[in-house]
Amino acid sequence: MTDILLLNGPNLNLLGQREPEIYGDLALKDIENLCQQQVFAHNLSIGCFQSNSESELIDAIQQAKLDNVQLIVINPAAYTHTSVAMRDALLAVEIPFIEIHLSNPHSREPFRHHSYFSDIAIGTITGFGINSYRFAIEAAIQHLTTD
């Protein structure tokens with residue numbers, strides 16, 4: 001069983017290369033490794049998955065239910081503003097999730113201000129760069145280990 005599933009949406013495979021002034025200079029694999037270390041320190045498990053494909057992300061969300069994942073941490077990236085289908089998948093599996101973003105969508109272009117996920121997430125963490133992941137994993141750990 002995986003306790004936490006870390007999902008990353010489109011173009012996050014380009015972290016470290018793409019617009020480092022916005023998204024930082026660490027590769028996604030480096031971020032995943034940091035999250036794994038953070039989770040393992042609390043005797044929990046984490047799975048990591050990234051895709052540029054909406055259907056693959058939906059499949060991963062649905063599979064999380066079958067795998068008894070306890071909590072999802074998701075950076076939907078551009079799908080934040082467009083994917084009713086991913087929203088529906090998250091509602092269907094009834095797994096609590098935390099929405100994260102490296103940048104603050106509300107300080108960017110107007111089309112980035114709306115999220116299809118924020119209102120159904122247990123929380124959102126945005127605008128702290130790589131620390132958005134660190135804070136989200138800490139919140140996930142607290143959620144899973146606090147009675």
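Before reading further, recall that the structure is shown in the block above.
Residues numbered from 1 in each chain as written. Predicted model: local features only at pLDDT ≥ 70, side-chain atom pairs only at ≥ 80, totals over all residues. Heavy atoms only, no water.

Time to look at the packing of helix 3 (residues 54–66) against helix 4 (residues 84–93). Between helix 3 and helix 4, whose axes approach to 9 Å, the crossing angle comes to 5°. Taken together, helix 3 and helix 4 sit at an angle that is classed as roughly parallel. Touching Glu54, Leu57, Ile58, Ile61, Gln62 and Lys65 of helix 3 are Ala85, Met86, Ala89, Leu90 and Val93, all from helix 4. Looking at side-chain class alone, the contact of helix 3 with helix 4 contains 8 nonpolar, 1 polar and 2 charged residues. (Axes fitted to C-alpha atoms, helices over the stretch in contact; angles between N-to-C directions. Helix = DSSP H or I, 4+ residues; strand = E, 2+ residues; numbered from the N terminus. Parallel < 35°, antiparallel > 145°, perpendicular 65-115°, else oblique. Contact = heavy atoms within 4.5 Å. Nonpolar A, V, L, I, M, F, W, Y, C, P; charged D, E, K, R; others polar.)

It is worth spelling out the packing of helix 2 (residues 28–40) against helix 5 (residues 130–145) at this point. Where helix 2 meets helix 5, the closest approach of the two axes is 10 Å, and the angle between their N-to-C directions is 25°. As far as their axial angle goes, helix 5 and helix 2 are roughly parallel. You can see that helix 2 and helix 5 cross each other, and the crossing is right-handed. Between helix 2, through Ile31, Leu34, Cys35, Gln38 and Val39, and helix 5, the contact on the second element is made entirely by Ile130, Tyr133, Arg134, Ile137, Glu138 and Ile141. (Left-handed = near helix turned anticlockwise from the far one by under 90°.)

This part is about helix 3. A rise of 1.5 Å per residue sets the reference length of helix 3, with its 13 residues, at 18 Å; its end C-alpha atoms lie 19 Å apart and thus fit the reference within 8%. Of the positions making up helix 3, those classed as buried are Leu57, Ile58, Ala60, Ile61 and Ala64. Taken around the axis of helix 3, the buried residues stretch over an arc of 155°, which confines them to a single face. Buried residues in helix 3 make contact with strand 1 (4–8), strand 2 (46–50), strand 3 (71–75) and helix 4. Residue asparagine 68 follows helix 3 closely and has a positive phi angle near 60°. (Expected span 1.5 Å × (residues − 1). Buried < 20%, exposed > 50% of the residue type's maximum accessible area, 1.4 Å probe, protein only. Arc of directions from axis to C-beta.)

Attention now goes to the side chain of serine 51. Looking at the element boundaries, serine 51 is found in the loop between strand 2 and helix 3. Look at serine 51 and you get buried, because its relative accessible area is 3%. In terms of polar contacts, serine 51 uses its side chain to reach the backbone amide nitrogen of serine 53, at 2.9 Å. The contact partners of serine 51, leaving out residues within four places of it in the chain, are Asn8, Gly9, Pro10, Glu56 and Leu57. (Polar contact = N/O pair within 3.5 Å; in protein donor to acceptor, adjacent residues only side chain to side chain.)

A separate point is the sheet that holds strand 1. Think of a sheet as strands paired side by side through backbone hydrogen bonds, with each pair either parallel or antiparallel. Strand order in the open sheet formed by 5 strands is 2-1-3-4-5, and the pairing between neighbours is parallel. Here the strands that pair on one side only, and so sit at the sheet edges, are strand 2 and strand 5 (123–126). Between one strand axis and the next, the sheet turns through 15° on average, direction left out of account. Here strand 1 pairs with strand 2 via 5 bridges, running parallel. Residue asparagine 8 lies in a different strand from strand 2, and its bridge partner there is glutamine 50. Here helix 3 sits on the sheet in contact with strand 1, strand 2 and strand 3, set at roughly 175° to strand 1. (Pairing = 2+ DSSP bridges.)

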